[in-house]
Amino acid sequence: MSVPRIQSIGRSISNHTVRQLKFIIPGAVITYAFNTHRVFLELLTRQDVEGLGRLFALASTGLEGLYRSWRDSGILSSVIPILTVAILVGWSLLSFTLGRWSSLGYLEGVVGASGLYALTFGLLGLLPAPKVHRS
């Protein structure tokens, strides 16, 4: 690839995409290095996992959302704090589950869970959001 072609590719990537790559690249590297995606799927599908292990793995796959004017909305002003707590609880459960019921151990489980969450948030940030017109 020639230098002018590389420069044109760099100009075509938006600043938003570059910001999201700060999460995607480290998240993908950590997830790949620890095989966290395989370990997590194994915990969900393996038959010999204790009941709490599977339950915690399922609970750690909670929802997330972020809206610019969430405090102005009656519904979102209560939903967003609940989703934030769900994200924190989900990350904690995933870290504990990977540490307790996999071969990763607690430290690698925390790092692996953090990598998965960084990758997920980075990829979610690339999804197009509807334009909000302010008056």
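Calculation rules
- Residues numbered from 1 in each chain as written.
- Predicted model: local features only at pLDDT ≥ 70, side-chain atom pairs only at ≥ 80, totals over all residues.
- Heavy atoms only, no water.
- Helix = DSSP H or I, 4+ residues; strand = E, 2+ residues; numbered from the N terminus.
- Buried < 20%, exposed > 50% of the residue type's maximum accessible area, 1.4 Å probe, protein only.
- Axes fitted to C-alpha atoms, helices over the stretch in contact; angles between N-to-C directions.
- Contact = heavy atoms within 4.5 Å.
- Nonpolar A, V, L, I, M, F, W, Y, C, P; charged D, E, K, R; others polar.
- Arc of directions from axis to C-beta.

Undergrad: Honestly, the environment of Glu108 in this entry has me stumped. Any pointers?
TA: Inspection of the secondary structure assignment puts Glu108 in helix H6 (residues 105-125). Residue class for Glu108 comes out partly exposed when judged on its relative accessible area of 33%. Placed 10 residues apart in sequence, Glu108 and Leu98 show a C-alpha to C-alpha distance of 8.1 Å.

Undergrad: When you look at the packing of helix H2 (residues 15-34) against helix H3 (residues 36-45) in this model, what are you seeing that I'm missing?
TA: Two quantities define a packed helix pair, namely the angle between the helix axes and the distance between the axes. Following both chains from N to C, one finds H2 and H3 inclined at 65°, their axes separated by 5 Å at the closest point. Together, Ile30, Thr31, Tyr32 and Phe34 of H2 and Thr36, His37 and Val39 of H3 make up the contact between the two elements. Residue composition of the contact of H2 with H3, grouped by class: four nonpolar, three polar and no charged.

Undergrad: Can you walk me through H3 in this structure?
TA: Three- or four-residue spacings in an α-helix give side chains the same orientation, since the helix completes a turn every 3.6 residues. Along H3, the positions that sit buried rather than exposed are Thr36, Val39, Phe40 and Leu43. Projection of H3 onto a plane perpendicular to its axis shows the buried side chains occupying an angular sector of 95°, all on one side. Residues of H3 that are exposed and point over 90 degrees away from its buried face: Arg38, Leu41 and Thr45.

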